[in-house]
Amino acid sequence: MKPTRLFTLVLLFPCLLFAQKEITYGDQQFEAQQYFTALTNYHAALAKCRTDANKAYCEFQIGQCYKMLSEWDDAKTFFSKAIKDGTVDDRSYLFLAQMEQQLGEYPRAIGDFTTYAGKVPSDPAAQTGIDACNNAIDWYADTTRWQLTNESQINTRYNDFCPTWSDKNHKSIIFSSKRAGQTGSKVDPISGMLYSDLFEARLGKNGKWSTPAAVAGSVNMPQANDGASSITKNGNRIYFTRCDQKKKQLISCKIYYSDKTGNSWGAPLLVDFGLDASMLDSFNFRHPAISANEEVMVFSSDMTGATGGQHSDLWISYYDKKTKTWGAPQNLGSSVNTNGREGFPYIAEDGTLYFSSDGLGGLGGLDLFKATKSANGWSWSAPENMKTPFNSPGDDFGIVIDGKKQMGYLTSNRAGSKGADDIWKFMYVPCDPTLNCVVLDRSSHVPVKNAFIDLVGSDGTAYSVTSGTDGKNAFTLKENVSYLLGVKCDSASSKFSTSYFSMKDDDRLKLTTLGMNLCHDFYDTIYVDSIPTVDIKFPAVLYGLDSADLRQQSKDSLNYLYELLVENPNLVIEIDAHTDSRGSAEHNRDLSQRRAQACVDYLISKGISKDRLVAKGWGPDAPLKMGKVVLTANYINSKTSLKEREALHQLNRRTTFKVLRTDYVDPKAPPRPPAPPVNVKKGFFDETGVEVNDDADGNN
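Residues numbered from 1 in each chain as written. Predicted model: local features only at pLDDT ≥ 70, side-chain atom pairs only at ≥ 80, totals over all residues. Heavy atoms only, no water.

J.: Give me the sheet that holds strand β16 (residues 342–347): which residues, what numbers.
T.: Strand order in the open sheet made by the four strands is β16-β17-β18-β19, with antiparallel pairing throughout. Every interior strand has two partners, whereas the edge strands, β16 and β19 (384–385), have only one. Relative to β19, strand β18 (residues 367–371) is paired through two bridges, and the arrangement is antiparallel. Within β19, the position partnered with K370 by the bridge is E384. (Pairing = 2+ DSSP bridges. Helix = DSSP H or I, 4+ residues; strand = E, 2+ residues; numbered from the N terminus.)

The structure is reproduced here in C-alpha cells:
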C-alpha cells in the first residue's frame with residue numbers, strides 16, 4: 001500500500017505554486033476530521049493541479065471526505081477519477097468497491113474488491129467485502145415479517161439519529177439531531193450542518209409524535225456535538241456522548257452523565273473510568289449503553305488496545321456501587337471487535353447486545369448485529385447479522401428495542417430517508433394463518449360430514465371442530481407452533497359420523513408455522529377409511545398346536561386391535577376364529593371358540609369393556625373365499641401337491657374381526673371435553689416445536 005502522506009515531498013512540486021496552500025489547509029482539516037471544510041480546499045487545489053498524479057491525490061482525498069460524509073455517489077465518482085488518473089493510494093480500489101457496495105451495486109463491487117485483493121493480498125478487507133456482497137444478494141432474496149417505516153413526523157432533512165427510550169412505558173424518545181432549534185447556531189465543520197443536540201418527542205394517544213424539542217436543562221452545549229445517549233430504566237439519569245471540537249484540532253469525544261430534577265437535566269459530569277486526563281484527551285469515548293440493572297456500560301472507543309488500531313472497538317466497564325464510579329474499561333475482544341468500526345451498542349433488557357460494525361461483513365457500511373448474553377456474567381455469543389430489513393446498503397445503527405411489543409427504532413441513511421440519517425420504526429407483523437381442511441372418503445373421495453376434527457399444538461393447545469356437509473372446516477393457527485391434525489369418527493358426541501374409522505395418532509398430519517417469513521393459509525386433506533361390513537384382517541394371531549394359548553407375537557398382533565378400539569370408542573366388534581377342515585368338526589368348533597375367547601380376554605385385560613366384544617368360533621364352517629373360489633375341503637383335496645394343500649389349509653386357519661355396531665357409548669365415560677385430549681407421544685415435537693419422527697414401539 002502506498003502511504004498517502006508521501007505526496008507532500010514527491011508529488012506536489014508541479015502544482016506547488018498554485019495549489020500548495022489549499023492542499024495544506026485541506027490536509028490539516030482532514031486530519032482534524034473537519035471533512036466538510038476540507039472539501040472546499042481540496043476542490044480548489046484540484047482546479048489548479050495540472051498533472052495526473054497531483055489530480056489523483058486531490059481526487060482521492062475528496063473521495064475520502066465524501067465517504068466520511070456518507071455522500072456515496074460523489075465518493076464513488078472521485079475514487080473512480082483517482083484510479084483513472086493513476087491513484088497514489090491502492091485503497092482507491094477498496095474504497096470504490098465499498099461505495100458501490102453501499103449503493104447496492106454488488107456485482108460491480110465484487111469486481112473492484114477482487115482488483116484490490118490482487119494489489120494488496122494481505123488485507124482481509126477484500127475477501128470480507130466479497131463475502132458480504134454475496135450474502136447481500138442472498139439476503140435480499142429472503143422474505144421477512146419485519147417491516148420498517150420512516151418516522152417522517154420526527155425526521156428532518158438534517159441528521160436525526162440514535163433514539164433511546166426516555167420513559168419506562170416506551171412512549172417517548174430522546175434522540176440526537178442537527179436540526180434548527182439547538183443551542184448554537186454555528187456550522188459543524190465535519191458535516192457542514194449545525195452541531196447536534198439532544199431532542200425529545202412524545203407519542204400521543206392518537207399515535208402521533210409531538211414536535212421534538214431540545215431537552216431541558218444543561219445537557220446540550222453550544223458548538224459541540226451532543227450525541228448517542230442511554231437512559232437508565234427508571235429514567236432519572238442520562239449518559240450521553242459529547243464531541244467538543246476546537247479549530248483545526250482533532251475531535252475529542254467523551255461520555256458524560258446528568259441526573260434529572262423535575263423535567264430538567266442537571267449539569268453534566270464526566271465519566272472518566274479512572275483514566276488520567278491525557279488518556280481521555282487522546283482518544284474518543286462514545287455511544288454509552290447502560291444495562292437494565294445499571295451494572296455495566298458498553299461503549300465505543302479507539303483507545304490503545306482497540307482491535308482495529310485507529311478504528312473503534314466496543315469496551316465494557318463495571319459500576320462500583322460503593323464508590324459510585326465506573327471501573328477501568330475492558331476490551332470485549334475479537335469475538336465482537338474487528339479491524340473495522342464497532343460502535344453504537346445497545347443492551348436490551350434480556351441482556352442481548354446490539355451494535356453496529358463495518359468489519360463483520362454485511363450489506364454495506366455499518367450493519368446491525370446482535371449477540372446473545374451468556375448465562376454466566378457479561379459476555380456474549382458470536383455476533384449475528386440482523387440481515388434485511390434491519391440492514392441496508394447504507395449505514396444502519398443506533399437501535400432501541402421494545403421486546404415485549406416486538407418493535408423499536410433504528411437509525412439509517414438508506415434509500416427513502418428524508419435526510420442523511422433518519423429514525424426508522426420497525427415492527428413485527430403478526431400472522432394468524434388459517435388451516436382449511438377437508439375430510440374425504442379414501443376410496444370414493446366423497447366428503448365426510450360430522451367428522452370430529454381435532455388439532456393439537458406443540459404449545460399444549462388443543463382445538464376441535466366438526467366437518468360440515470362438504471367435509472370442510474377451519475382452524476386459526478398461532479405463530480411458531482407445530483401441529484398434529486387428526487379425525488375422530490365416533491358417537492361420543494351427537495351427530496358425529498360413525499361409518500368411518502378414526503385416524504390413528506401415528507397417522508396424524510403434521511404442519512408447522514415455525515419460522516414463517518410469509519404469512520399464508522394452510523390447506524390439508526384428511527382421508528378416512530370406511531368401516532367394511534365384511535370380515536377385516538389384521539396381523540396374524542398365532543396359537544400353540546391344537547391349543548388356545550396365545551403366543552407372544554399374537555399379543556403383539558392383538559395390540560393393533562386394542563389401539564383401534566381405543567381410537568374408535570364407538571365400535572362393538574366380533575372376533576372370529578377359524579380352523580381348517582381336518583379333524584373332528586365339533587373339536588374344531590370348540591377349539592376356535594376358545595381361541596376367539598382368548599383374544600377377547602386379552603383385550604379385556606387391557607381395559608376394553610366386555611360389552612364391546614363378542615367371541616365367535618366357526619371351526620371349519622366358514623372356509624375362506626378368494627374371489628370366486630371357496631377353500632372347501634373338496635377344493636383343497638383336489639390339489640395334487642402336498643405343499644399347496646398345506647398352504648391352503650393355513651389360509652383357512654385365521655382370526656379376523658368385523659364391526660357389529662358403531663353406536664356404543666360407554667355409560668361410565670365423562671362427557672367429551674371441548675378440546676379433546678389426544679395421545680401425543682413423546683417425540684412428535686422436539687423442544688423447539690419442530691416435528692420429528694416418533695420412536696417405533698414395535699406393537700403394530
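J.: So what's going on with the state of the cysteines? Residues and values would help.
T.: The full count for this structure, using the stated rule, is two disulfides. Across the disulfide, C243 is cross-linked to C253 (sulfur-sulfur distance 2.0 Å). In this structure, the disulfide formed by C243 and C253 twists by about 110 degrees around the S-S bond and is classed as right-handed. A residue pair is termed long-range when its members are at least 10 positions apart, and C243 in strand β7 (residues 237–244) and C253 in strand β8 (residues 252–261) qualify at 10 residues. Note on C243: relative accessible area 13%, which makes it buried. The exposure class of C253 is buried, given its relative accessible area of 2%. In this model C431 forms its disulfide with C519; the gap between the sulfur atoms is 1.8 Å. Judged by the sign of its S-S torsion, about 75 degrees, the cystine formed by C431 and C519 is right-handed. Here C431, found in the loop between β22 (422–428) and β23 (434–441), pairs with C519, found in the loop between β28 (509–512) and β29 (522–528); they are 88 residues apart in sequence, far enough to count as distant. (Disulfide = S-S within 2.5 Å. Buried < 20%, exposed > 50% of the residue type's maximum accessible area, 1.4 Å probe, protein only.)

J.: So what about the packing of aromatic side chains? Which residues, and what values?
T.: Across all of its chains, the model carries 24 aromatic pairs by this definition. Seen in terms of ring centroids, Y106 and Y140 are 6.5 Å apart; in terms of plane orientation they differ by 40 degrees. Their pairing is tilted. Within this pair, whereas Y106 is found in helix α7 (residues 106–119), its partner Y140 is found in helix α8 (residues 125–141), the two being separated by 34 residues in sequence. Here the basic side chain of K67 rests over the ring of F95, its NZ or CZ set 4.9 Å away from the ring centre. Geometry around Y256 places R242 over its ring, the cationic atom sitting 5.3 Å from the centre. (Phe/Tyr/Trp six-rings, centres within 6.5 Å; stacked < 30°, edge-to-face > 60°. Lys NZ or Arg CZ within 6 Å of the ring centre and 35° of its normal.)

J.: Residues and numbers for the pairing of strand β20 (residues 396–402), please.
T.: Judged by how many residues are buried, β20 sits mostly within the fold: seven of seven residues are covered. Note that β20 and strand β21 (residues 407–412) share five bridges and pair antiparallel. Bridging across to β21, V400 finds its partner in Y409. Taking the residues that link successive antiparallel strands as the turn, the β20-β21 hairpin has four residues, and the phi of Q406 there is positive, at about 50 degrees.

J.: Go over the environment of M303, please, and point to the residues and values.
T.: With respect to the element layout, M303 can be found in the loop between β12 (296–301) and β13 (313–320). Assessed through its relative accessible area of 4%, M303 is described here as buried. Taking the C-alpha atoms as reference, M303 lies 9.4 Å from W315; in sequence the two are 12 residues apart. Discounting chain neighbours no more than four positions away, the residues touching M303 are L275, M279, F283, F285, W315 and P329. (Contact = heavy atoms within 4.5 Å.)

J.: Let's hear about the nonpolar core: which residues, and what values?
T.: If you look at the biggest cluster of nonpolar residues, it comprises 46 residues, and the most contacted ones within it are Y42, C58, I62, C65, F79 and F113. By size, the runner-up hydrophobic cluster in this structure holds 25 residues, among which are L558, L571, I575 and A615. (Core = buried A, V, L, I, M, F, W, Y, C linked by side-chain atoms within 4.5 Å.)

J.: I'd love a proper account of the sheet that holds strand β2 (residues 160–165), names of residues and values included.
T.: Here four strands make up an open sheet; going across it, the order is β2-β3-β4-β5 and the pairing antiparallel. If you trace the sheet from one side to the other, it starts and ends with β2 and β5 (213–214), each paired once. Looking at chain direction, strand β4 (residues 197–202) and β5 are connected through two bridges and run antiparallel. Following the sheet pairing, F199 is matched in β5 by A214.

J.: Any details on helix α5 (residues 72–84)? Residues and values, ideally.
T.: Taking 1.5 Å of rise per residue, 13 residues should cover 18 Å, and α5 covers 18 Å from first to last C-alpha, within 8% of that figure. Considered for burial, the residues of α5 that qualify are W72, A75, K76, F78, F79, A82 and I83. In this structure, the buried residues of α5 make contact with α3 (35–48), α4 (52–68), α6 (91–102) and α7. Residue G86 follows α5 closely and has a positive phi angle near 85 degrees. (Expected span 1.5 Å × (residues − 1).)

J.: Quick one: what's the story with the side chain of T513, residue by residue and with numbers?
T.: Inspection of the secondary structure assignment puts T513 in the loop between β28 and β29. With sequence-adjacent residues up to four places away left out, T513 is seen in contact with P433, L477, K478, E479, N480, V481 and F522.

J.: Describe the confidence of the model for the protein, and please don't skip the residues or the numbers.
T.: For the protein, the average pLDDT comes to 86, and 90% of its residues sit at 70 or higher. Contacts of residues 1–13 to residues separated by more than four positions or lying in other chains number 26 contacts, the stretch itself having pLDDT below 50. In the predicted structure, residues 673–677 sits below a pLDDT of 50 and forms eight contacts with residues beyond four places in sequence or in another chain. (pLDDT = per-residue confidence, 0-100.)

J.: Which residues make up the packing of α7 against α8, and what values do they have?
T.: For the pair α7 and α8, interaxial distance at closest approach is 8 Å and the crossing angle is 165 degrees. Accordingly, the angle class assigned to the pair α7 and α8 is roughly antiparallel. Crossing of α7 against α8: the hand is left-handed. Two secondary-structure elements touch here, α7 through Y106, A109, I110, F113, T114, Y116 and A117 and α8 through A125, A126, G129, I130, C133, N134, A136, I137 and Y140. (Axes fitted to C-alpha atoms, helices over the stretch in contact; angles between N-to-C directions. Parallel < 35°, antiparallel > 145°, perpendicular 65-115°, else oblique. Left-handed = near helix turned anticlockwise from the far one by under 90°.)

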